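# Report on the structure
As a plain string of letters, each chain reads:
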Amino acid sequence: MSTHGEHADDVKPLIPHKHSSKIPQRKTSLVEARSYEANFNQTTRPSLLGSGSYSLTLSWENLSVSVKIPAKKSMLCKEIQPASERTILKDVSGVVAPGNLVAIMGASGSGKTTLLNVLTSRNIKDYQISGKFRLNGVEVKEGIKHVSAYVQQNDLFIPTLAVREHLEFRALLRMDKHLDRKSRLKRVEEVIVEMGLTKCVDNRIGTPGGSKKGISGGERKRLSFASEALTGPPIFFCDEPTSSLDSFMAQTIVNTLQNMASRGSTILCTIHQPSSELFAMFNKIILLSEGRIAFMGYAEDALDFFEILQYPCPDNFNPADHYILTLAIEPGREEQCRERTAAICDRFAESSVNKEQLETSTELRLTANEVDNNMVNLVTSLSESSRYESNAFTQLKLLFWRSWVGQFRNSMLFGVRMIQTIAVALVVGVVFLNLDVTQSGVQNINGALFLILIQISFSCAVAVCSAFPEELDIVMREYGTGLYRLDTYFIPKSLAEIPIFVLTTVIFTAITYWMIGFNTSFGDFCEATGVIVLVCIISTVFGYFISITCGTTQLALSVLSPALIPLIQFAGLFLNENDVPDYFIWLKYLSWFKYGYEIILVNQWADVTYIECNSGNGTVCPFRNGQDVLDSLSMHKDRVVEDLGLLVALFGGLYIIAYVALYVRGRSSKE
């Protein structure tokens, strides 16, 4: 009996081709495919709501994938390595019938993740793809998204929602639009039982490693499957479904997949070195090496295939490890290993196992147009159907509910914001406590007003930059799967956050306004507060734009301050408006600090008819009244209405720009 050490030392010759007939064959793949075709004898497109009412045979032919590698240049822009093209998959063909649980395995760099991405028609924007893939013999491209689910390796959820709430949210958005609410909620309860989530159904999902513990890792993974199983897609793609799970939870997850396959689903999973117990739960495997298929078929047949090729699996050894080690490219022995794996792939391409699968795919293709017109109509309609099962109003309503719940269930964040607002307001109020309207007090009052604007702008923008990127990945994934539109997300998201920003701004302004001793008129207080609230909302939208463009919290916070400082410089306090350089005058008109500052200065000084001046001791008195203060800063009370209109226009413009940035990011994530 050979060992894996022998594999590394010697590249054994393959036995003559005549022995290929000894590889055990199973004449069931075509039978399996045909046994499910009767489910397509319907005159309209079947509902995708989870009844498992139909199944699909997935096949792909001569699939090749490559990526372009750009040229490398030195610091002096001299080309040190020309542009090239790297092939990841090479003429790969295969077929998977319904009812099968298939493991896609191979060493690192073998192409298993690429194969999964191409079959799902997701994450392929950098790929150059040739070849075809079909459903029951009918060619289909991006339409496969409408009848398949892709459970990715990393689980992304809104942590403040409970398990049942998350599933109900998805059911109301994603399930067939012709179903009533009662039927959708009934399906939710069925999936909860099927996926074994009954014990945690009312628990909040939480964040792994967060301050508040939520459901376990295994429950999160099952929740990922439950989210996709609501619509009962006939094809499931899973990327490393057992990663980061212990052996018991991994077997639980795969057992769930087995149950789904037994109900007629077609399930393909990439999996990295499963245990022997886990490997035994997959009835079919696809082994990849250097972008080619080394074996595809029943797991027990793979043992005989490798043994005939003189690479038998040692006794009491994990077959999965044996295959991966045999097909791996070892450092320092690349040429010998590539010769060995190429020979194995060549032999499989010539084997009757592979030829039978190709015949199945060919026969399905030839008979699809002749026999099953309903099947052709169904698959053709996939690419023409709407991405969204729910209308815009339903999306707006549910997304507003989710955003609202997320805001007020995060009690820690809300509490921190309130404490921070009150603490900073008290500090500012104490520093500028009871300012007098005197010659020296003019500078203090103007500085206090400007400090309030800066503090409010930064706190509102920073709050968004700290929280929004954490949700951005979830939004991109849900949008990519057609759960909702980006505009119906962005509008309720921003509306749901406005009450908290308004509340904190009003509290901050109320404390500082009366402690500092600005105009005591309640009307003046309301006007100043309204303008400051509007400045906060504009800063929030600006924060949305920065966080969407940057994509991460760390980068967004790093960019925010340099982006705000130029706008602050041209607000009129540090640099007189009349002295702004011509080449920067355009930047002055983009500063909401300028418009807001002018309004609250006019609000403060317009009605001040006398400013005390004690000139007896030689003190210079530049300000006789409030108008002198405004004139010194080139501020005009007749521009208040214009300033207010420009603030509203800036809000609208930044809101549109922020949405466009979100839309561009969303479109690029779909490619």
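Predicted, not measured: the structure shown is a model, and the values here were computed from it. (Residues numbered from 1 in each chain as written. Predicted model: local features only at pLDDT ≥ 70, side-chain atom pairs only at ≥ 80, totals over all residues. Heavy atoms only, no water.)

Compared with an ideal rise of 1.5 Å per residue, which puts 42 residues at 62 Å, helix H16 (residues 439-480) spans 61 Å between its outermost C-alpha atoms and is within 8% of the ideal. At phenylalanine 468, H16 is deflected by roughly 35 degrees, the largest bend along its length, and proline proline 469 occurs up to four residues later in sequence. In the segment just after H16, glycine 482 is the residue with positive phi, at about 80 degrees. (Helix = DSSP H or I, 4+ residues; strand = E, 2+ residues; numbered from the N terminus. Expected span 1.5 Å × (residues − 1). Bend = angle between axes of the 7 residues up to and from the residue.)

Next up on the list: the packing of aromatic side chains. When we look at a pair of aromatic rings, we describe it by the centre distance and by the angle of the planes. Scanning the model with the defined rule gives 25 aromatic pairs in all. Between phenylalanine 522 and phenylalanine 525, the ring centres sit 6.0 Å apart and the planes meet at 40 degrees, which makes this aromatic pair tilted. One end of the pair, phenylalanine 522, and the other, phenylalanine 525, are both in helix H18 (residues 522-550), 3 residues apart, so they sit about a helical turn from each other. Overall, the relative accessible area of 9% leaves phenylalanine 525 in the buried class. Ring pairing ties together the aromatic residues Phe468, Tyr484, Tyr489, Phe490, Tyr544, Phe651, Tyr655, Tyr659 and Tyr663, which thus form one cluster. Seen from the ring of tyrosine 298, lysine 284 lies directly overhead, with NZ or CZ sitting 4.8 Å from the centre. (Phe/Tyr/Trp six-rings, centres within 6.5 Å; stacked < 30°, edge-to-face > 60°. Buried < 20%, exposed > 50% of the residue type's maximum accessible area, 1.4 Å probe, protein only. Lys NZ or Arg CZ within 6 Å of the ring centre and 35° of its normal.)

A few words on empty space enclosed by the protein. Inspection of the entire model under this criterion finds 4 cavities of 30 Å³ or more. By volume, the largest cavity amounts to about 210 Å³. Taken together, 16 residues form the lining of the largest cavity, with Leu156, Phe157, Arg170, Glu228 and Arg477 sitting closest to its centre. Of all the secondary structure elements, the ones that give two or more residues to the lining of the largest cavity are strand S8 (148-151), helix H4 (163-174), helix H6 (217-229) and H16. Considered class by class, the residues forming the lining of the largest cavity number 5 nonpolar, 6 polar and 5 charged. (1 Å grid on protein atoms, 1.4 Å probe; cavity = no way out; pocket = protein on both sides within 12 Å on 5 of 7 lines; lining within 4 Å. Points joined across faces, edges and corners; volume = space filled by probe spheres on them. Nonpolar A, V, L, I, M, F, W, Y, C, P; charged D, E, K, R; others polar.)

Our next topic: the sheet that holds strand S6 (residues 127-135). The antiparallel open sheet is built from 4 strands, whose spatial order is S4-S1-S6-S7. The two strands at the open ends of the sheet, each matched to only one other strand, are strand S4 (84-96) and strand S7 (138-139). Pairing of S6 with S7, which is carried by 2 bridges, proceeds in the antiparallel orientation. Bridge pairing in S7 places arginine 134 opposite glutamate 139. (Pairing = 2+ DSSP bridges.)

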